[in-house]
Amino acid sequence: MAATAKLTLLPTTLTSTVSFPARLVLKPFPRPQRLVVAAAAASSSSQTLSSLLSTETPEARQIRLETESALEWGAVCARLADFSATAAGRAACVEGRVAVGQSREESERLIEQTAAAVLLSAPLDFAGVEDVSAVVAAATSGRLLAVREICGVGRSIRAARGVFDQLRSLAEETQDGRYSPLVDILQGCDFLTELVQRIEFCLDSTFSLVLDRASKKLETIRRERRRNIEMLESLLKDTAAKIFQAGGIDNPVVTKRRSRTCVGVKASHKHLVPGGIVLSSSGSGATYFMEPRDAVELNNREVKLSGDERAEELVILGLLTSSIADSQLKIRNLMDKVLELDLACAKGSYALWTNGVKPSFTDSYSSSQSDQSGDYSVYIEGIRHPLLLEQSLMTEGSTVEASEMPVPLDMWVEKDARIVVISGPNTGGKTATMKTLGLASLMSKAGMFFPAKGRPRIPWFDQVLADIGDHQSLEHSLSTFSGHISRLRKILEVVSEDSLVLIDEIGSGTDPSEGVALSTSILKYLASKVNLAIVTTHYADLSRLQSVDSRFENAAMEFCLETLQPTYRILWGSTGSSNALSIAKSIGFDQKVLDRAQEWVEKLLPDKQKERQGLLYDSLLHERNILESQANEAASVLSQVEGLYNEICLEADGLESRVAALRTTETQKVQQELKAVKSQMDTIIKNFEVQLKNSKLEQYNSLMRKAETATASVVAVHQPNEITSNDDENQSSFVPQIGDKVYVQGLGGGTMATVIETLGEDGSCMVQYGKIKVQVKRSKMKLVQRGTNETATSSSVKPKSRTPKQRSTVAAEASQSQDGSGVSFGPVVQTSKNTVDLRGKRVSEASYELQMAIDACRPYQVLFVVHGMGTGAVKDRAIDVLRNHPRVAKFEDESPLNYGCTVAYIQ
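Since this is a predicted model, take the numbers as computed values, not measurements. (Residues numbered from 1 in each chain as written. Predicted model: local features only at pLDDT ≥ 70, side-chain atom pairs only at ≥ 80, totals over all residues. Heavy atoms only, no water.)

Draft legend 1. Expanded view of the overall build of the protein chain. Across its full length, the protein chain holds 26 helices and 25 strands. Counting all 907 residues of the protein chain, 37% fall into the buried class. Residue pairs in contact within the protein chain that sit at least 24 positions apart in sequence constitute 69% of those at least 6 positions apart. (Helix = DSSP H or I, 4+ residues; strand = E, 2+ residues; numbered from the N terminus. Buried < 20%, exposed > 50% of the residue type's maximum accessible area, 1.4 Å probe, protein only. Contact = heavy atoms within 4.5 Å.)

Here's what the structure looks like:
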């Protein structure tokens, strides 16, 4: 009672005793005010809860929960827990409390958040974020929080601010708005900086202690207490030492008994502590623990100061608890936003794990799309059931065989269709298909990506209502059929025009004729009430509704009659057979029984109708196979075109770099040649000046002629070759031949092509530039160089004198042209397919790989051998292999355009 009275009086006196920095001012802890805040919060929560409940009736809630259970939505949510980084996020996932958009706009916002999370370059750091909802609720209810709990609230708020700062930093680095949906979650949140600073100023979160600086009074009390303890311990140590010296104890003992500090003394020597108070004794009674008379006042002061310290700590904890209670709405809002951000990141990680794609809603999909998906309300290509896919992904080993993956499904529901009737064999996948669509609807509403291809489209459904499984209940006296019909009644009561209804085996469990009649009536009613309904059935009469009502659409699960096994693929627009007899035969049923059943089938079903259905089914299968073959062929052509385009782009990039290197090399050569010319001219001038000084006047003309001759020889040596010709005359007499190098109008002024085929009398021919082949008329071509089978002539002016290096080069080219056999090799353009890279390999490995590459070459192909420089061992071995290999006609050493590469011509 005393402690309670003390706490009620302390808030009125603390204002003058507590000292903080200017920004850290603690409020008093009036309990009535806190109760008012708690009542207001409770009232607000009640209003929010009541508004949510008012939009969902109890029956609708029950059906929703049963639908989520039937579709195993909880299992999908639980998988998100593995990717969540906070305790609150994991708890929400395990309990199935993942937020589902209550409107199309909210679902689109959740999808954009997931899309932004997928693009995160680094995971967000949620370390330090704790689930403080229970702590905040306890503070609101009036319970005094412990130091550890208050520190947890402070850490969580500061960690939330750290996450926001990290996310904002990532957004500023990219500056393209990709992370805006995630930044918007925490944008505008109150991070309670003052409260966090107040907590960190008052409490030590590491040791869970109230710090001395929390208040001046606490600091004074602890300072006095430390001084008093030092005096008490000094007094008792002296007393214990004296007792020990007098033989009153075996070892000096200073200890505490009944919260008072005392010394130990033998019972027979208690007279050594005159006037002392016996506080306790040992178990044997041989030792007394006595409080000396001089220590009584110090002990009394210690007890008082200890109580004062504890009372002041409670006051500070009460004030911080009050601050948390006052800020409980802001704290809960902040923690809810952190939970939303954590779930968005978890959805992004889940999407990457399952290779999920971003869905879009039909209403928000642009009608300007050129693909055929605009004609469908549901357009999902290659979707896999998430839970079945998870089982495959979690299979031991890093790779999963294609046979172990669930079969992808294509779901194409036309815009005008309201009822889809799926028929087919048992165990054929009808229910799994229906569940997959239901899960895709819930996942898209919750902002989750699902495993599919392309750009899936699906309507936004306000409700997903399912009747799947056996609802038999002995407790409620419901048979299978009664449970089925009872659930359908509830669905019809709560259904809306934006709902998705899933019904498994509609009308089953009763007389087939009555079941068909009831099912037809229910489906006709749903067709005018819902956005879309998917039903499975074995009743052929339900599949015939499509012929009389355009709102109905049929689909069938494929069944392979050769293997007597389902393929789990859905055929839209088809009607399937149950194949009960085939399935019974596959599991080893008695053949006599099956034969008798087949006789009854033939009696009950008209032969014409059976034959017509079989022909239609075979026709559809044949047409589908043709379309699949055409689609695969088109995909292959597209892949080849893309590969060719990428190679051309790579070659273009490499060509630019090689041209730049060649220009650099040529520039260096020109500069070196200029230096050499300058040196030669300087020598001529010096010689002329020396001779001029030592010669007579009549020798002047002779010296001038010698100097001019020397200068002319230098000019002649470095004069570029001039080969003049009459272009018009050559062009008129030009007849294209295989191997000619020509310029083609339209390919660019600097582009040289090779003639590979002559086609007509008009001189048109086929030329090749890189991998591009084009037919060109003679008038569009200009001859640059004749092929290797024709010696170069037609020079109207002889080239002037050349340097020895130039003469040797010309001779080598002439001999090479004479040795030519008239065979045209492929264009000398390097690609990934005609290149063998030997860099980084051992000599033996490089030799073997080069020989394999030569053997794999086509006749008259050019092979680029990349050997690099290094020590030169690989290059020497490569040259030796090329020189001795019988298929190598010739090879060219590396050049500025192919540095570290040798070009070989393969026969």
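Draft legend 2. Molecular detail of the environment of Ser322. As for its position among the elements, Ser322 is in helix α12 (residues 296-326). Each C-alpha atom of the pair Ser322 and Leu145 lies 9.5 Å from the other, and the pair is 177 residues apart in sequence.

Draft legend 3. Here's a closer look at a nonpolar patch on the surface. Where nonpolar side chains cluster on the molecular surface, the patch consists of Leu644, Ile648, Leu655, Val659, Tyr769 and Ile772 and spans about 460 Å² of accessible area. Examining the composition of the nonpolar patch, we find that four residues originate from one element, helix α21 (residues 607-694), more than from any other. Summarising the element assignment, Val659 is placed in helix α21. (Patch = residues over 30% accessible without salt bridge, like charges linked within 9 Å, V, L, I, M, F, W, Y side chains within 5 Å. Areas by Shrake-Rupley, 256 points an atom, 1.4 Å probe, with all protein chains shown as cover. Salt bridge = Lys/Arg side-chain N within 4 Å of Asp/Glu carboxyl O.)

Draft legend 4. Highlighting the sheet that holds strand β25 (residues 901-906). Pairing is mixed in the open sheet, where four strands are placed in the order β22-β23-β25-β24. The strands lining the two open edges of the sheet, one partner per strand, are β22 (835-837) and β24 (888-892). Adjacent strand axes in the sheet meet at a mean angle of 25° when their direction is disregarded. With four bridges connecting them, β24 and β25 associate as antiparallel partners. If you follow Phe891 over to β25, its bridge partner there is Ala904. Contacting β23 (861-866), β24 and β25, helix α26 (residues 873-884) crosses the sheet at an angle of about 145° to β24. (Pairing = 2+ DSSP bridges. Axes fitted to C-alpha atoms, helices over the stretch in contact; angles between N-to-C directions.)

Draft legend 5. A look at the pattern of salt bridges. Scanning all chains against the criterion turns up 39 salt bridges. The closest approach of N and O atoms between Arg624 and Glu628, which form a salt bridge, is 3.6 Å. Here Glu628 and Arg624 lie together in helix α21, a separation of four residues that amounts to about one turn. Residue class for Arg624 comes out buried when judged on its relative accessible area of 19%. One salt bridge connects Lys678 with Asp682, and the closest N-O pair in it is separated by 3.3 Å. Remark: Asp682 and Lys678 occur in helix α21; sequence separation between them is four residues, near one turn of the helix. Note on Lys678: relative accessible area 53%, which makes it exposed. Note on Asp682: relative accessible area 31%, which makes it partly exposed. It is possible to trace a salt-bridge network through shared partners that takes in Asp212, Arg222, Arg225, Arg226, Glu302, Glu309, Arg310 and Glu313.

Draft legend 6. Structural view of the side chain of Thr536. Its location among the elements puts Thr536 in strand β14 (residues 532-536). Taking the relative accessible area as the measure of exposure, Thr536 reaches 0% and is therefore buried. Contacts of Thr536, omitting those with residues within four sequence positions, involve Ile422, Lys430, Met434, Ile503, Asp504, Glu505 and Ile506.

Draft legend 7. Structural context of unusual backbone geometry. Backbone geometry places Ser208, a non-glycine residue, at a positive phi of 55°. Take Ser208: it is sitting in the loop between β1 (203-204) and β2 (209-210). Even without being a glycine, Tyr860 presents a positive backbone phi close to 60°.

Draft legend 8. Spotlight on the sheet that holds strand β5 (residues 277-281). Taken in spatial order, the four strands of this open sheet run β3-β4-β6-β5, and their pairing is antiparallel. Two strands lie at the open edges of the sheet, namely β3 (254-257) and β5, each paired on one side alone. This sheet shows a mean twist of 45° between the axes of neighbouring strands, independent of strand direction. Sheet topology note: the strand β4 (residues 260-266)/strand β6 (residues 287-291) ladder contains four bridges and is antiparallel. Residue Val265 lies in a different strand from β6, and its bridge partner there is Tyr288.

Draft legend 9. Highlighting the side chain of Glu149. Along the chain, Glu149 falls in helix α8 (residues 147-174). Among the polar contacts listed, one links the side chain of Glu149 to the side chain of Arg143, at a separation of 3.1 Å. Glu149 has contacts with Val135 and Arg143, leaving out every residue within four places of it along the chain. (Polar contact = N/O pair within 3.5 Å; in protein donor to acceptor, adjacent residues only side chain to side chain.)

Draft legend 10. Broad picture of the nonpolar core. Counting residues in hydrophobic clusters, the biggest one holds 55 residues, and the most contacted among them are Trp73, Ile380, Leu532 and Ile534. Non-local contacts of Ile534, meaning those with residues more than four positions away in its chain, are made with Val420, Ile422, Met434, Leu437, Leu500, Val501, Leu502 and Ile503. (Core = buried A, V, L, I, M, F, W, Y, C linked by side-chain atoms within 4.5 Å.)

Draft legend 11. View of the confidence of the model for the protein chain. Across the protein chain, the average pLDDT comes to 78, with 77% of residues at 70 or higher. Helix α1 (residues 2-14) is the least confidently modelled element of the protein chain, averaging 32 in pLDDT, while helix α10 (residues 193-202) averages 94, the highest of any element. Segment residues 721-726: pLDDT under 50, and eight contacts once partners within four positions in sequence are set aside and those in other chains are kept. This stretch, residues 789-822, has a pLDDT under 50; its non-local contacts, to residues over four places away or in other chains, come to 20 contacts. (pLDDT = per-residue confidence, 0-100.)

Draft legend 12. Seen up close, the packing of helix α6 (residues 104-118) against helix α13 (residues 328-354). Running from N to C, α6 and α13 point in directions that differ by 65°, and their axes come no closer than 8 Å. Crossing of α6 over α13 shows right-handed handedness. Only Glu340, Ala344, Cys345, Lys347, Gly348, Ala351 and Leu352 of α13 make contact with α6, whose side of the interface consists of Arg109, Leu110, Gln113, Thr114, Ala117 and Val118. Of the residues that constitute the contact of α6 with α13, the class distribution is seven nonpolar, three polar and three charged. (Left-handed = near helix turned anticlockwise from the far one by under 90°. Nonpolar A, V, L, I, M, F, W, Y, C, P; charged D, E, K, R; others polar.)

Draft legend 13. Seen up close, helix α25 (residues 843-856). The first and last C-alpha atoms of α25 sit 20 Å apart over 14 residues, in line with the 20 Å expected at 1.5 Å per residue. Regarding α25, the residues found buried are Ala846, Ser847, Leu850, Ala853 and Ile854. Along the axis of α25, the buried residues cluster in a sector spanning 130°; they form a single face. Those residues of α25 that are exposed and aimed more than 90 degrees away from the buried face are Ser844, Tyr848 and Ala856. Turning to α25, the residues buried within the fold contact β22, β23, α26, β24 and β25. (Expected span 1.5 Å × (residues − 1). Arc of directions from axis to C-beta.)

Draft legend 14. Focus on the packing of aromatic side chains. This structure, assessed with the given rule, holds six aromatic pairs. For the ring pair Phe83 and Trp353, a centre distance of 5.7 Å and an interplane angle of 50° mean the geometry is tilted. Here Trp353 lies in helix α13 and Phe83 lies in the loop between α4 (73-80) and α5 (87-94), a separation of 270 residues in the sequence. Residue classification places Phe83 among the partly exposed positions, given a relative accessible area of 24%. Look at Trp353 and you get partly exposed, because its relative accessible area is 28%. Taken together, a centroid distance of 5.6 Å and an interplanar angle of 45° make the contact between Tyr376 and Tyr379 tilted. The same class applies to Tyr376 as to Tyr379, namely buried. Taken together, the ring pairs in this structure connect Phe83, Tyr350 and Trp353 into an aromatic cluster. The ring of Tyr179 has Arg178 sitting right over it, with the charged end atom 5.9 Å from the ring centre. (Phe/Tyr/Trp six-rings, centres within 6.5 Å; stacked < 30°, edge-to-face > 60°. Lys NZ or Arg CZ within 6 Å of the ring centre and 35° of its normal.)

Draft legend 15. Representation of the pairing of strand β19 (residues 765-769) in the model. Here strand β18 (residues 752-758) runs beside β19; their pairing, made up of four bridges, is antiparallel. In the strand pairing of β19, Val755 is matched with Val767. In this structure, β19 lies alongside strand β20 (residues 772-776), joined through five bridges in antiparallel fashion. When the bridges of β20 are listed, Gln768 appears paired with Lys773.

Draft legend 16. Representation of the environment of Gly483 within the structure. Within the secondary structure, Gly483 sits in helix α16 (residues 480-494). By relative accessible area, which is 5% here, Gly483 ends up buried. Separated by 14 residues in the primary sequence, Gly483 and Gly469 place their C-alpha atoms 10.0 Å from one another.

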